[in-house]
Amino acid sequence: MPSTFKGLNLFASGPHRFMVGKQGPFVFSLSALGSPSAESIASGVVELDVTVKGRLIAANDTALWALKGAITAQLLDPPTAGTLIDSHAHSFADMSFISFVEGDRTDRGRAVTLAYVALFRRFTHAPA
């Protein structure tokens, strides 16, 4: 099963992995707010981040640019939520694609490749 976002197979050209971020309540110390108390307070739930790290692989530069274009076309303002599914059929509903960072170089050999990091977030409140 391919990894998809909103049903689009964006990451299949090369190896990639999903990393699920911190989950649970948002906890902060009262001392961070200037209080002399050492107590902590839980306030809501941490917004879920899922990071996809991988490598785009294409036959040539033009094909690589097409792969990057398909991915960056999903970076919308405001972000719109969709379902993110990894290659093991783990599904993350209501995720917004919020950043795409290219690696520091394009590698050229038998294929043209580029490392990337894509970040998805489940917002507690929908972006305006």
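The preceding data block contains the structure.
Now for a quick tour of the structure. This one's a predicted model, so the numbers in the text were calculated from it and none came from an experiment. (Residues numbered from 1 in each chain as written. Predicted model: local features only at pLDDT ≥ 70, side-chain atom pairs only at ≥ 80, totals over all residues. Heavy atoms only, no water.)

Next up on the list: the overall build of the chain. Counting its regular elements, the chain contains one helix and eight strands. In summary, the chain has a C-alpha radius of gyration of 18 Å against a globular reference of 14 Å for 128 residues, an excess of more than 25%. In terms of overall dimensions, the chain has a C-alpha envelope of 60 × 30 × 30 Å along the principal axes. Across the 128 residues in the chain, those meeting the buried criterion constitute 29%. In the chain, 63% of the contacts between residues at least 6 apart in sequence involve partners at least 24 apart. Distance between charge centres in the chain, computed from 11 positive and 10 negative side chains, equals 7 Å. (Helix = DSSP H or I, 4+ residues; strand = E, 2+ residues; numbered from the N terminus. Rg over C-alpha atoms; globule rule 2.2 N^0.38 Å. Buried < 20%, exposed > 50% of the residue type's maximum accessible area, 1.4 Å probe, protein only. Contact = heavy atoms within 4.5 Å. Lys, Arg positive; Asp, Glu negative; His and termini not counted. Charge placed at Lys NZ, Arg CZ, Asp CG, Glu CD.)

So, about the sheet that holds strand β7 (residues 91–108). Strand order in the open sheet made by the six strands is β1-β6-β7-β8-β5-β2, with antiparallel pairing throughout. The sheet is open, and its two borders are formed by β1 (4–5) and β2 (16–20), each paired with just one other strand. Pairing geometry for strand β6 (residues 82–85) and β7, over three bridges, is antiparallel. Across the sheet, G82 pairs through a bridge with M95, a residue of β7. In the packing of helix α1 (residues 61–72) onto the sheet, contacts are made with β5 (48–58), β7 and β8 (112–122), and the angle to β5 comes to roughly 165 degrees. (Pairing = 2+ DSSP bridges. Axes fitted to C-alpha atoms, helices over the stretch in contact; angles between N-to-C directions.)

Applying the stated criterion to the full structure yields six salt bridges. Across the salt bridge formed by D61 and R108, the nearest N and O atoms sit 3.0 Å from each other. Of the two residues, D61 sits in helix α1 while R108 sits in strand β7, which places them 47 residues apart along the sequence. Judged by its relative accessible area of 33%, D61 is partly exposed. With a closest N to O distance of 2.9 Å, R105 and D104 form a salt bridge. Here the salt bridges do not stand alone but share partners, grouping R55, D104, R105 and D107 into one network. (Salt bridge = Lys/Arg side-chain N within 4 Å of Asp/Glu carboxyl O.)

So, on to α1. Three or four residues apart is the spacing at which side chains of an α-helix point the same way, because the helix has 3.6 residues per turn. The terminal C-alpha atoms of α1, which comprises twelve residues, lie 16 Å apart, in line with the 16 Å expected from a rise of 1.5 Å per residue. Of all the residues in α1, the buried ones are L64, K68 and I71. All buried residues of α1 fall inside an arc of 60 degrees around its axis, so they share one side. Facing away from the buried side of α1 by over 90 degrees, the exposed positions are T62, W65 and A66. Those residues of α1 hidden inside the fold are in contact with β5, β7 and β8. Near the N-terminus of α1, the side chain that reaches the backbone nitrogen of T62, with its oxygen 3.1 Å away, is that of N60. (Expected span 1.5 Å × (residues − 1). Arc of directions from axis to C-beta. Polar contact = N/O pair within 3.5 Å; in protein donor to acceptor, adjacent residues only side chain to side chain.)

A separate point is the pairing of strand β4 (residues 40–45). Taken across its six residues, β4 has zero buried, putting it largely on the surface. Alignment of strand β3 (residues 25–29) against β4, held across four bridges, turns out to be antiparallel. Each residue of the ladder has a partner; that of S29, found in β4, is S40.

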